[in-house]
Amino acid sequence: MGTDAPRSKGHRHIRRLLIALGVVLSLVLVTAGLGVWTVTRSFPTLSGSVNIEGLSSTVTVTRDDAGIPQITAKTAADLFLAEGYVHAQDRFWEMDFRRHVTSGRLSELFGESQVGTDTFVRTLGWRTVAEQEVALLDPVTLGYYQSYADGVNAYLDTHDGADLSLEYAILGLQNPGYEVEPWTPADSVAWLKAMAWDLRSNLDDEIDRALLSMTLTPSEVNQLHPEYPAGTHPTITGSQTVVVPSAGAPDAAEPTAEPTSEPSASTSLDSTIEPASVDSYAGALTELRAALSSVPELLGPAGGEIGSNSWVVAGSLTDTGLPLLANDPHLGPALPSVWYQVGLRCQSINADCPFDVAGYSFSGLPGVIIGHTARIAWGFTNLGPDVADLYIEKVTGDSYEFDGAAKPLLLRDEKISVAGGDDVKIEIRSTEHGPLLSGFKGTTYQRIASDYPTVAELPPASSGAESGAEASTYELSLQWTALAPGRTASAIFALNQATDWTSFRAAAALFEVPAQNLTYADVDGNIGYQAPGLIPIRASGNGTLPVPGWTSQYGWTGYIPFDALPSTFNPSSGYIVTANNAAADPGSPNLLTADWDLGYRANQITARLQNLIAVGTPLTTELMSDIQGDNYSAIAAALVPRLQEVRLPGSAAEAQQLLDGWDYQVDADSAAAAYFNVIWRTLLKDMFTGKIDDGAHLTGGDRAFSVVTSLLGQPDSPWWSNPTYGTVGQESMLRRVMTSAATESADLMGSDPADWQWGSIHTLDLKNASFGESGIAPLEWLFNRGPYELAGGSTVVNAVGWDATQGYQVDWVPSMRQVISLEDFDDSTWINLTGASGHAFHSNYIDQAPLWRDHETRPWLFTPTTIKDDATDTLTLEPAA
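Since this is a predicted model, take the numbers as computed values, not measurements.

The rules behind these values
Each residue is numbered by its place in its chain's sequence as written, counting from 1. Under the rules for a predicted model, residues below a pLDDT of 70 receive no local features and side-chain atom pairs below 80 are neither given nor counted, while totals for whole chains, interfaces and linings still include all residues. The side-chain figures draw on all heavy atoms in the structure; neither hydrogens nor water molecules are used. Working definition: helices are DSSP H or I runs of at least four residues, strands are E runs of at least two. Numbering for both runs from the N terminus. Using a 1.4 Å probe on the protein chains alone, a residue whose accessible area is under 20% of its type maximum counts as buried, one over 50% counts as exposed, and one in between counts as partly exposed. Contacts were defined at the residue level, with two residues in contact if any of their heavy atoms lie within 4.5 Å. Using a 1.4 Å probe, the Shrake-Rupley method yields the accessible areas, and only the shown protein chains count as cover for residues. What pLDDT expresses is the predictor's confidence in each residue, scored from 0 to 100. Strand pairing follows a simple DSSP-based rule, namely that at least 2 bridges must link the two strands. All axes are obtained by fitting lines to C-alpha atoms, using only the stretch in contact for helices, and the reported angles, taken between N-to-C directions, cover 0 to 180 degrees. Note that patches include only residues with greater than 30% relative accessible area and no salt bridge, and the join distances are 9 Å for like charges and 5 Å for nonpolar side chains (Val, Leu, Ile, Met, Phe, Trp, Tyr). Here a salt bridge means any side-chain nitrogen of Lys or Arg lying within 4 Å of a carboxyl oxygen belonging to Asp or Glu. Charge assignment: positive for Lys and Arg, negative for Asp and Glu; neither His nor the chain ends contribute. Every charge is mapped to an atom, namely NZ of Lys, CZ of Arg, CG of Asp or CD of Glu. Lining residues are those with an atom within 4 Å of a point, where the points come from a 1 Å grid over the protein atoms alone and group into cavities, where a 1.4 Å probe fits but cannot get out, or pockets, open sets with protein on both sides within 12 Å along at least five of seven lines. Grid points are joined across faces, edges and corners, and a volume is the space filled by probe spheres set on the points. When residues are sorted by character, Ala, Val, Leu, Ile, Met, Phe, Trp, Tyr, Cys and Pro go into the nonpolar class, Asp, Glu, Lys and Arg into the charged class, and all the rest, Gly among them, into the polar class. For this analysis, a nonpolar core means a set of buried residues of the types Ala, Val, Leu, Ile, Met, Phe, Trp, Tyr and Cys, connected via side-chain atoms within 4.5 Å.

**Q** Explain the overall build of the protein to me, please; I cannot follow it from the model alone.
**A** A tally of regular secondary structure across the protein gives 25 helices and 31 strands. Relative to its 881 residues, the protein shows a buried fraction of 62%. For the protein, the proportion of contacts with a sequence separation of at least 24, taken over those separated by at least 6, is 74%. As displayed, the protein has an accessible area near 30000 Å², and 51% of this comes from carbon and sulfur atoms.

**Q** I keep staring at helix α17 (residues 634–643) and nothing clicks. Help me out?
**A** Owing to its 3.6 residues per turn, the α-helix aligns residues three or four sequence positions apart on the same side. For α17, a buried count of 8 out of 10 residues is recorded, marking the element as mostly surrounded by other parts of the structure. Those residues of α17 not exposed but buried are A634, I635, A636, A637, L639, V640, R642 and L643. Buried residues belonging to α17 abut α15 (600–614), α18 (650–656), α19 (671–688), α20 (702–710) and α21 (729–749).

**Q** Any chance you could explain the confidence of the model for the protein here in plain terms?
**A** A low pLDDT means the predicted coordinates there should not be read in detail. Taken as a whole, the protein shows an average pLDDT of 88; of its residues, 86% reach a score of 70 or greater. The low-confidence segment residues 246–267 (pLDDT under 50) makes 57 contacts with residues lying over four places distant or belonging to another chain. Scored below 50 in pLDDT, residues 269–278 makes 30 contacts in the model with residues more than four places away or belonging to other chains.

**Q** What should I look at first to understand the sheet that holds strand β6 (residues 340–346) in this one?
**A** Backbone hydrogen bonds are what pair the strands of a sheet, in a parallel or an antiparallel way. Strand order in the open sheet made by the 11 strands is β1-β31-β2-β3-β6-β7-β8-β9-β17-β18-β22, with mixed pairing throughout. At either end of the open sheet lies a strand with only one pairing partner, and these are β1 (48–52) and β22 (567–569). Sheet twist, expressed as the mean angle between neighbouring strand axes with direction ignored, is 15°. Of the strand pairs in this sheet, strand β7 (residues 356–361) and strand β8 (residues 370–373) are connected by 4 bridges, and their pairing is antiparallel. In the sheet register, A358 faces β8, and the bridge partner there is H372. In the packing of helix α3 (residues 76–102) onto the sheet, the strands contacted are β1, β2 (59–63), β3 (69–73), β6, β7 and β31 (873–879), and the crossing angle to β6 comes to about 160°.

**Q** What am I meant to see in the side chain of T834 here?
**A** Tracing the backbone through its elements, the reader meets T834 in the loop between β29 (828–832) and α24 (849–853). According to the relative accessible area criterion, T834 is buried, its value standing at 0%. Once you skip the residues sitting within four places of it in the chain, T834 turns out to touch A334, L335, P336, S337, L766, Y845, I846, D847, Q848 and A849.

**Q** Could you clarify how one ought to interpret a negative patch on the surface in this entry?
**A** On the surface, a cluster of negative charge is contributed by D319, E622, E823 and D827. With respect to the helices and strands, the residue E823 is situated in the loop between β28 (816–821) and β29.

**Q** What's the story with the pairing of strand β18 (residues 527–530) in this structure? I'm lost.
**A** Residue alternation in β18 divides its side chains into two sets, I527 and Y529 and G528 and Q530, and both sets are buried. A loop of 4 residues connects strand β17 (residues 516–522) with β18, the two strands running antiparallel in sequence, and G525 in this loop sits at a positive phi of about 100°. Here β18 runs beside β22; their pairing, made up of 3 bridges, is antiparallel. Paired with Y529 across the two strands is T568, which belongs to β22.

**Q** Please explain empty space enclosed by the protein as it appears in this structure.
**A** Counted by the stated rule, this structure contains 10 cavities of 30 Å³ or more. In this structure, the second largest cavity occupies an estimated 130 Å³ of space. If you go around the second largest cavity, you meet 15 residues; those closest to its centre are L199, P329, L331, W339 and Q516. It is strand β9 (residues 376–382) that contributes the most residues to the lining of the second largest cavity, 3 residues altogether. For the lining of the second largest cavity, a count of residues per class yields 10 nonpolar, 5 polar and no charged.

**Q** What am I meant to see in the nonpolar core here?
**A** Generally speaking, nonpolar side chains in soluble globular proteins are found buried as a group. With 166 residues, the main nonpolar core has W197, W480 and L877 as its most contacted residues. With 13 residues, α3 is the single largest residue contributor to this core. In this structure W480 touches W126, K193, A196, W197, V387, A388 and W556, once residues within four positions along its chain are discounted. In this structure, I692, A704, V708 and A742 belong to the second largest nonpolar core, which totals 59 residues.

**Q** Whenever I open this one, the pattern of salt bridges confuses me. Can you help?
**A** Side-chain pairs of opposite charge can arise where the charged atoms are in close proximity. Applying the stated rule across the entire model yields 37 salt bridges. For E401, the salt bridge goes to K394, with nearest N and O atoms at 3.7 Å. Each of the two residues, E401 as well as K394, counts as buried. A salt bridge links D597 to R601, with the nearest nitrogen and oxygen atoms 3.3 Å apart. Across the pair, exposure class does not vary: D597 and R601 are buried alike. Each of D96, R99, R127, E131 and D187 takes part in salt bridges that share partners, so that together they form one network.

Structural data, given as structure tokens:
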């Protein structure tokens, strides 16, 4: 993307200037010696001694051969100052780039191509809210953030341009006037808003349902957005029902099933929804969807496919007698990885310096996000509650209607500075619900659900021509929990000094946005789960569709109390599994969302655990890691028996034979997995092309699985027929799809099906978030690595996901993996997607990627003696004279 937005679906074209930069860069790199010097000059100092302004005493930073730092300090202020310094050493370009995204200032780096993206981010107001949150911090927490900023700035005081990172050398050719600004606490807190945005859950589903409702019946819309199958899949705090084909559980026993209540109908689209052709409304939603996709995806593709696995087992089920905790968050791949491994230790634990913690941090943010202290361990998966609603607002000039009265819009002017161009002034308008994100072109609005006012009941949206009054329009506003100042910035430090279940829950209560599933274990043998977060209570409606904003009938009346959120402590089962599945059984009093992940990963993890427990096999760190790499495809297990019944001619029949005896493991070297996944992608395309809006195409994950398998018993369903391809009924559709897939597989992998391999087409390219997708070979060669041939897939525990509407390339991954032993933290394991360093060509740039690809891990040492023995570099940070 180069000068364009990172990881966004729009803004893919690079200005001609960047092509010239690629040529210049190529000449630089071939100049004897100069290329090496340019590339390596930003590599940080890892040993010796450095004097730093602001330190009160000596800080020690040891690193192992992976470059992972372990920081030891006498005071908390020195500890976080050193963390800021170390983050800046390894990742400052990443930090600087992120803060330009979160503040709507990409245009300052890359010019006018980013004005649209900056406008949208500023309309959301991430930076504004971050500054409000900083102002609300207590003095101690604010001090931690300021110390971290001081550490970053200490590094900036002695490094600039290409001395900071190679990216600045390239940026300087295009934007020579750019100067790095000092780091501030708001720069750190704003990153939490980007986290919340990429984990925003069902906003895209809300748009999708509304657009689908224009052309489909209510039952068809509900069929494309199915409810959570609580009768067959487990919930986190309730039923442990598991229904998995026996091939899905490689261990000895069959899974057991327990009765559960029927799924609630309250999460479905209103059954009286009517088809409606509302060009202005659909156009506005389509515009908004395009705007959403233009925002850089710093954590990965938003929506239902982004997820994670985390589970914890009690000591009664392990080989050590104490708990084990596993976690692998699924995010978009990036180079460097979104995570940064670090240890933070106070030399002496006391009230003024209470930290002894290690785990995964975010560069730019102090503390540890996921990991363990000396007493507890925790993991995160995305809870995915519905915390964002779209409102249809009636706007006239600078006012909007609410409960029959005209209210003034909240107006805010901002200026976007543009590299190489003139400043751009924008006006941001908001209602009491939130910022206005789009304007409707027309002035008529028809109902899309029976509980909306009819056209006759709508306030008149006249053109104003007769009376000379200003015209009225309908526009969309967004109410989202992340747009109000919250306490998540304090939660990180509370979590990092928690010592037991009580203090852990107190920290979780502060973790308001984004809401996460928190798994827990401690050295006393306890395990637990807590769902935190601000989750709205609605006066009416279930958050599945945009609602009228001119009435308080659809407003938020408060938030679900923390003590009413799902939680469990030492369950009788001895284990807790979270994989973005429903947090509670149907019938729970509080609606969290209508759009859970449908639980196929949770099903498989639970089945694996139940089978091991049933045969008395103690769980070990190795077995926990093995489950993380489970490649069983429930989609294949459900669909392949039907595919084997289809009569095919010639080469397609030869390909079909690959499915005979297949164990449904989507391994990298599997020919059957390769052919099946080509079938799966082709099936979704051929079934739904021309029937649903292009932007609403099923991407091939849990929702697509549920939709297609629900139709297997309905061979004459209209969904199986598509006049575009001349198919009529299920048999006709499957024959066409399997034949086409055999042809495509041969084109992709050769004419002999025995030579096909899933990994040969299911590849991961690790790309630099800013310059790595420029289309300019020298730039991409500098920063990108790969491709890596991978196993796994969507709706698989080893969630190496791909978007079937785009191809077979990997779009989201287990961004890291950890297994924590509470009996001996030194027996824990961890792995990152790439490496500690953000500097291209540094030895720790991608050194962990081959291990990650092969599902191997590194020892995670924690005790001071083992860390010292394993250290390869020691840097002493000294107070400045």
